Each structure stands twice: as structure tokens, then as C-alpha cells.
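Residue strings, one per chain:
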Amino acid sequence: EVDVRDVITFAFAGRFLYAVLAKRIGCVLFCVLVHLLQAVQISRSQEDPPGVLYSVVSLTPLFLTMLVCIIAVRHLVRENVVLRVDLQKRTVELGAVSSLLTACYDAVIEVDHSLSLTQDSGQLAS
């Protein structure tokens, strides 16, 4: 006999990983809903412990909390990917601009917002 708590516990890690990596959020919502209905069906088909009732009302907050966590982690992963791509793009652009300037001018230096040199330039010394 399967206890609904065991199903929720064992399936959580797999569902969470799938949900974070899934391409579409609709798939995630569908899977969470199906799992909620499965947990309710299992709880109805077995004897609940005395004083504990695993119904839709008592299981829904658990699944909603999990869904909110999944959406938050998906957002963090997406932001991380976007920032990495942006950083990589800016690095390539900076390299291209630096190469172009080096080809056109004798010395190319990089300055910060207060117009101080960000690094020593050997080109200025010669």
C-alpha cells in the first residue's frame, strides 16, 4: 500500500528538477495539477491516519507552495542565463572595439568614470 506522503516526498525532487528545466511553464502547471489529483486519489483510496485528512483543501497549500518555489527558481535560473549571455556579448564587443582601436591608433587605454586609468598601459610608456 502506498502512502500519499511517500508519493509526495519521493516525487518532489524529480518534479522540482523537471519543473525548473522545463521549457514551458504550462507543462509545469499541468504536472503539478496531475500530481495533486493523484495525491488526493491515493489519499481517498487508503485509510487516513486518525485525525489527519489528506483532502484537496489540505494538500493544495503544499502544492501551491511548491509551485511558487519552482517559479522563483526558474526566474533565478533565467536571470542568471540572461546575465551570462549579456556579459559574454559585452566581452566580445569590447574585444572587437579594442582590436579596431588598436589597429587605428598608436595607444589605446581604458579609463573609469573618473577618467583614471583602469590598468597600466605599456603603449603609453614607449
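If you're wondering where the values come from, they're calculated on a predicted model, not measured in any experiment.

Notes on the overall build of the protein
Counting secondary structure elements, the protein contains 4 helices and 0 strands. Taken from the N to the C terminus, the helices and strands of the protein come in the order α-α-α-α. Taking as baseline every contact in the protein between residues at least 6 positions apart, the subset at least 24 positions apart corresponds to 60%.

Digging into a nonpolar patch on the surface
A surface patch of nonpolar side chains, amounting to about 380 Å² of accessible area, comprises Ile109, Val111, Leu115 and Leu117. Looking at the secondary structure, you find Leu115 in the loop between α3 (56–104) and α4 (122–125). For Leu115, a relative accessible area of 69% gives the class exposed.

Remarks on the pattern of salt bridges
Across all of its chains, the model carries 2 salt bridges by this definition. Here Arg78 makes a salt bridge to Glu79, at a shortest N to O gap of 3.9 Å. Here Arg78 falls in the exposed class, since its relative accessible area comes to 52%. The exposure class assigned to Glu79 is partly exposed, which follows from its relative accessible area of 31%.

Regarding the nonpolar core
With 12 residues, the main nonpolar core is built from Ala19, Ala22, Val28, Val32, Leu36, Ala39, Val40, Leu59, Phe63, Met66, Leu67 and Ile70. Every element with two or more residues in this core is listed here: α2 (25–45) and α3. Setting aside anything within four residues of it in sequence, one finds Val28 in contact with Ala19, Ala22, Leu67, Ile70 and Arg74.

Considerations on the confidence of the model for the protein
Across the protein, the average pLDDT comes to 78, with 80% of residues at or above 70. Here α4 stands out as the least confident element of the protein, with mean pLDDT 68; α3 is the most confident, with 86.

Some remarks on the side chain of Arg74
Topologically, Arg74 is positioned in helix α3. Buried charge without a salt bridge: Arg74, with Glu79 as the nearest opposite-charge side chain at an N-O distance of 12 Å. Beyond its immediate chain neighbours, meaning those up to four positions away, Arg74 contacts Ala19, Val20, Ala22, Lys23, Arg24, Ile25 and Val28.

Procedures and definitions
- Residues numbered from 1 in each chain as written.
- Predicted model: local features only at pLDDT ≥ 70, side-chain atom pairs only at ≥ 80, totals over all residues.
- Heavy atoms only, no water.
- Helix = DSSP H or I, 4+ residues; strand = E, 2+ residues; numbered from the N terminus.
- Contact = heavy atoms within 4.5 Å.
- Patch = residues over 30% accessible without salt bridge, like charges linked within 9 Å, V, L, I, M, F, W, Y side chains within 5 Å.
- Areas by Shrake-Rupley, 256 points an atom, 1.4 Å probe, with all protein chains shown as cover.
- Salt bridge = Lys/Arg side-chain N within 4 Å of Asp/Glu carboxyl O.
- Buried < 20%, exposed > 50% of the residue type's maximum accessible area, 1.4 Å probe, protein only.
- Core = buried A, V, L, I, M, F, W, Y, C linked by side-chain atoms within 4.5 Å.
- pLDDT = per-residue confidence, 0-100.
- Lys, Arg positive; Asp, Glu negative; His and termini not counted.

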